[in-house]
Amino acid sequence: MDKALFNIAPETFERLSSTERYLLTYIHDHLDEIATMSIVTLSERATVSTATIVRLMKKMGYRGYTPFKYRLEQDKKMVDTEGNLSGIDHSIKKALQKNEEEVRRTIQLQSIGQIEDVVQKMFNAEKIYIFARGFSQMIAQEMMVKLQVLGKTCEMHDDPNIIRIKSRKMNHQTDLVIFVSLNGETEELVEACQNLRILQVTTITLTTKVNSSLNKLSDMTLLGYKSEGSPIPEYEVRSRLSLNVIARVLLDAYVIRREDAVHK
């Protein structure tokens with residue numbers, strides 16, 4: 001976790017071309033395949049030029065595609081899923097591996113520096129607001145309760161009208177807003193983030209979509225990995241496991257820094 005897999009600063013992300021953003025999304029959605037894919041194959045499958053791939057790699061902090069692929073291969077060797085899950089029913093094994101992959105990939109996408117920056121923003125804020133909708137509100141609710149227990153003034157809102165109203169009345173000197181959104185495209189959350197950007201209120205987003213509206217609008221984004229498919233495809237109940245992992249890491253880091261401050 002010393003360096004995020006996608007090490008792109010917000011200002012750099014803003015300067016990415018539409019093709020580079022598409023490629024970044026493609027790579028994020030096909031990480032396991034990319035680990036063994038040549039640059040030519042990636043170029044063909046993603047329908048972009050090899051020059052675009054190299055250009056994006058350099059903007060991500062790598063010298064080229066080969067160092068990035070090497071990082072993926074090394075990360076993959078850290079977990080031997082086949083060996084650890086031998087003797088388990090094949091279908092259940094696949095379910096376990098899918099969840100393990102989401103956790104592992106999500107942790108790979110984080111960086112200590114970015115977590116530190118977010119925690120510092122949380123410390124400096126007099127009041128934290130957490131906005132979420134749908135199943136993501138359960139994660140937001142847990143975050144709110146834990147922050148309140150730790151003595152931080154915090155509110156969580158999932159009502160669209162309240163979210164819109166609150167986002168128009170905040171103070172950039174005292175308030176901080178955290179968005180929890182799987183795809184980062186929920187209309188009222190995007191509108192709220194636009195309002196907060198005008199007011200210059202610091203915003204942090206927890207999401208799994210690289211090229212989402214909330215990612216583009218937020219000051220900081222903690223990105224999770226979302227596997228393909230849903231156990232109940234007829235409903236929008238995709239796994240929020242990666243968002244849970246990020247929230248857990250963030251709150252654990254907050255507790256650590258809070259204790260450090262107390263003992264100084």
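Residue positions are counted from 1 within each chain, in the order its sequence is given. For a predicted model such as this one, the threshold for reporting local features is a pLDDT of at least 70, and the threshold for listing and counting side-chain atom pairs is 80 or more; totals across whole chains, interfaces and linings nevertheless cover every residue. The side-chain values count all of the structure's non-hydrogen atoms but skip hydrogen atoms and water molecules.

For the protein chain, the name recorded in an unreviewed UniProt entry is RpiR family transcriptional regulator, with Alkalicoccobacillus plakortidis as its organism.

**Q** Residues and numbers for the overall build of the protein chain, please.
**A** Think of it this way: any DSSP run of H or I at least four residues long counts as a helix, any run of E at least two long counts as a strand, and we number them from the N terminus. Across its full length, the protein chain carries 14 helices and five strands. Here the protein chain holds 264 residues, and the buried ones make up 48% of them. By sequence separation, contacts in the protein chain at least 24 residues apart represent 74% of the contacts at least 6 residues apart. Here the accessible surface of atoms and residues is derived via Shrake-Rupley with a 1.4 Å probe, and residues count as covered only by protein chains that are part of the display. Working note: accessible area of the protein chain is about 13,300 Å², and carbon and sulfur atoms make up 50% of it. Each residue's exposure class comes from its accessible area (1.4 Å probe, protein chains only) as a fraction of the maximum for that residue type: buried when under 20%, exposed when over 50%, partly exposed otherwise. Note on contacts: a residue pair is in contact if any heavy atoms of the two residues lie within 4.5 Å.

**Q** Describe in detail helix α4 (residues 39-46), supporting the description with residues and values.
**A** Among all positions of α4, only Leu42, Ser43 and Ala46 are buried. Within α4, the buried residues cover an arc of 100° as seen down the axis, which keeps them to one side. Where α4 ends, the next residue or the one after it, Thr47, has phi of about 55°, a positive value. Think of it as the arc spanned by the lines of direction from the helix axis to the C-beta atoms.

**Q** So what's going on with the environment of Thr47? Residues and values would help.
**A** Within the secondary structure, Thr47 sits in the loop between α4 and α5 (50-59). A residue is classified by how much of its surface remains accessible, and Thr47, at 64% relative accessible area, is exposed. Spatially, the C-alpha atoms of Thr47 and Thr19 are 9.7 Å apart, while their sequence positions differ by 28 residues. In this structure Thr47 touches Tyr22 and Leu42, once residues within four positions along its chain are discounted.

**Q** Describe in detail the packing of aromatic side chains, supporting the description with residues and values.
**A** Two rings from Phe, Tyr or Trp (for Trp, the six-membered ring) form a pair when their centres sit within 6.5 Å of each other. Planes less than 30 degrees apart are called stacked, planes more than 60 degrees apart edge-to-face, and all others tilted. Scanning the entire structure with this criterion turns up five aromatic pairs. Their ring planes at 45° and their centres at 6.4 Å tell us that Tyr22 and Tyr26 sit as a pair that is tilted. In this pair, Tyr22 and Tyr26 both sit in helix α2 (residues 18-29), four residues apart, roughly one turn of the helix. Here Tyr26 falls in the buried class, since its relative accessible area comes to 13%. For the ring pair Phe123 and Tyr254, a centre distance of 4.7 Å and an interplane angle of 20° mean the geometry is stacked. With Phe123 in helix α9 (residues 112-124) and Tyr254 in helix α14 (residues 241-262), this residue pair connects regions lying 131 residues apart in the sequence. The rings of Tyr129, Phe131 and Phe179 are connected pair by pair, giving a single aromatic cluster.

**Q** Before we move on, can you summarise the nonpolar core with the specific residues and values?
**A** What we call a nonpolar core is a set of buried Ala, Val, Leu, Ile, Met, Phe, Trp, Tyr and Cys residues that are connected through their side-chain atoms within 4.5 Å. Ranked by size, the top nonpolar core spans 31 residues in total, and within it Ile128, Ile130, Met143, Val180 and Leu206 carry the most contacts. Among the secondary structure elements, those contributing two or more residues to this core are α9, β1 (127-132), α10 (136-149), β2 (154-157), β3 (175-180), β4 (202-207), β5 (220-223) and α14. It is α14 that contributes the most residues to this core, seven residues altogether. Not counting chain neighbours up to four residues away, the residues in contact with Val180 comprise Ile130, Phe131, Ala132, Arg133, Ser136, Ile139, Ala140, Met143, Leu189, Leu206 and Leu243. With 27 residues, the next largest nonpolar core counts Ala46, Leu56, Leu72 and Leu223 among its residues.

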